[in-house]
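Report on the structure
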Amino acid sequence: MGAHPPASTPPALSLEALSFSYGDRFALDGVCLDIEAGVFTALLGPNGAGKTTLFSLIARLFRPSAGRIRVGGHDLGSQPNRALARLGIVFQQPTLDLDLTVGQNLRYAARLHGIAGGRARARIAALLDRLELGERQRDKVRELSGGLRRRVELARALLHEPPVLLLDEATVGLDVPSRTRIVDDVHALAARGVAVLWATHLVDEVRAGDRVVVMHRGAIRADAECGALMRQLNAPSLTEAFAALIGAAPPAAARAAAGVGP
Amino acid sequence: MSAIGWAICFWGILVREVLRFVHQRERFFAALVRPLVWLLVFAAGFRAALGIAIMPPYQTYITYEVYIVPGLLGMIQLFNGMQSSLSMVYDREMGSMKILLMTPLPRWYLLAAKLAAGTVVSLLQVYAFLAVAWAFDIRFPLVGYLSIVPALVLTGLMLGAVGLLLSSTIRQLENFAGVMNFVIFPMFFLSSALYPLWKLEEASTILPRIATLNPFTHAVELIRFALYGELNAPALAVTSVALAAFLALSLVGYSPARGLMHRRAAGGGDAG
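Residues numbered from 1 in each chain as written. Chains lettered and ligands numbered in written order. Predicted model: local features only at pLDDT ≥ 70, side-chain atom pairs only at ≥ 80, totals over all residues. Heavy atoms only, no water.

Here we take up the domain arrangement of chain A. You'll often see interface size given as the accessible area lost when the parts meet. Residue and element names in this part refer to chain A. If you check the domain split of chain A, you get domain 1 (13-86 + 163-257) and domain 2 (99-161). One C-alpha centre belongs to domain 1, the other to domain 2, and the line joining them spans 26 Å. The interface is formed by 15 residues belonging to domain 1 together with 12 residues belonging to domain 2. At the boundary of domain 1 with domain 2, total buried surface from both sides reaches about 1000 Å², with 60% on carbon and sulfur atoms. Taken together, domain 1 and domain 2 are joined by one salt bridge. A salt bridge links Glu132 to Arg181; the shortest N-O distance between them is 3.4 Å. On inspection of domain 1 and its partner domain 2, the count reaches two residue pairs in polar contact (both at pLDDT 80 or more). Every element with two or more residues in the side of domain 1 that touches domain 2 is listed here: β7 (164-168) and α6 (176-191). Sort the elements by how many residues they give to the side of domain 1 that touches domain 2 and α6 lands first, with six residues. Residues that form the side of domain 1 that touches domain 2 fall into these classes: nine nonpolar, one polar and five charged. (Domains from an automatic or database assignment. Contact = heavy atoms within 4.5 Å. Buried area = accessible area lost by both parts, 1.4 Å probe. Salt bridge = Lys/Arg side-chain N within 4 Å of Asp/Glu carboxyl O. Polar contact = N/O pair within 3.5 Å; in protein donor to acceptor, adjacent residues only side chain to side chain. Helix = DSSP H or I, 4+ residues; strand = E, 2+ residues; numbered from the N terminus. Nonpolar A, V, L, I, M, F, W, Y, C, P; charged D, E, K, R; others polar.)

What follows is the structure, given as structure tokens:
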């Protein structure tokens, strides 16, 4: 985990009492969360917990019905451009243009952020090199495997060097080696000082030392370092702690008290 | 972002629009063949049946082929606007619209840039069509080939804005064909593209009134006069007002508070 910023620095991402509903159906209910630089924060929640809705609010695709979002101290409602410039997002749904090449997709994204010419070329080359995609630059995205496409999306999210990186179920549909590779890459980014918010329902993507925020039915149910969370719930594994928090299974302590085996 | 950053962003949107157009060869051929069929088949068949009296901006009798060219230029831009709209609905379905909407620039600028890029693509199609028409000896004063540029930019933006507005209201790609039929055909046939309004008056009293309210009529007349180096001020005014209105409504449609992603998610698109 990277060094924490001084106390006076605003959180990299701050969600203040965030609520949102689809018509009558509440999707988020008063979510409060601060994401710090250099920390890999896993937002763990089952399908339908509200993770994607939360990401859509942060990406300004929806407007919250209540609450506030700040990115690096900039209010997303009143200073959207300053806030958005500090965000890199990999959405759950693929967002690459399949008919363009890897290079064309990345140049397009770089230009949207005002980066062109030699600066764009250098940054694209460095990212493709880091993510071992250098040889695929001229390939159409349509020809790439799911894992490679995800890495291209990760490269695109990092093009403008955002201090905050959000990934929503970024490994959905990938095989184990591809998943491991992307989880490794993103942990490495957190170690370099990037604030990472990693939404997932797969507990094996969380590593020791990661911060874990458990979300269920639009509200935050727990927020602690991975090991501390297991200790709090007296759970032998994060899987059990997670299941207990979302009501899928009783915690180990409760099972022991009830005389039920593991 | 600096002013140069804004320009780079526009360049990025334009390059992507052109790349997509170049990759869709069928789209280019359809854009060219459609008006050519009207010009070389329909107009040839109707030239004897439809006599065109001397009327501004024409100084003398003209052939029917010459008359319908401005309408066909408008038709190219109308179809291009609908094609851009279709491509925006596709982008939304495929998710790539999110990348555009997350750009750290005002949304009005992003949508205007998208419109302008679509207009540039329509200009490429218009000049390809004019070149083929030239080859078939359907020609205009040389100055007209230059003086139509500002008119085509305005009409391209206005018709693109119609498409943009439609794209903000259409939920699914499957619904697009129906909407196009309800927009393209009435706009095209209830205008002065194929026949002058006085000709329409001979057949009906209501139809010319509807045609006068149709912004496409004014777009065609703006192009028609510009082809002869003349300005049709009323057409310019109506086209400009229509552009402003369609653009403003599109901005409402694409606002985060009322945006399409909202409706999509409400429809069950939200998985997490």
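Under the defined criterion, the tally for this structure stands at five cavities of 30 Å³ or more. The space that makes up the largest cavity amounts to roughly 150 Å³. Lining the largest cavity are 14 residues, and of these A:His113, A:Arg156, A:His160, B:Ile99 and B:Met102 sit closest to its centre. For the lining of the largest cavity, the elements supplying multiple residues, two or more each, are β6 (87-90), α3 (102-112) and α5 (146-158) of chain A. With three residues, the single largest contributor to the lining of the largest cavity is β6(A). Each residue belonging to the lining of the largest cavity can be placed in one class, and the counts come to nine nonpolar, four polar and one charged. Its volume calculated, the second largest cavity comes out at about 90 Å³. Residue lining of the second largest cavity: 16 residues in total, with B:Gly81, B:Ser84, B:Leu115, B:Gly118 and B:Gly160 positioned closest to the centre. If you list the elements that add at least two residues to the lining of the second largest cavity, you get α3 (64-94), α5 (107-135) and α6 (142-169) of chain B. When residues of the lining of the second largest cavity are assigned to their parent elements, the largest contribution, six residues, is made by α3(B). (1 Å grid on protein atoms, 1.4 Å probe; cavity = no way out; pocket = protein on both sides within 12 Å on 5 of 7 lines; lining within 4 Å. Points joined across faces, edges and corners; volume = space filled by probe spheres on them.)

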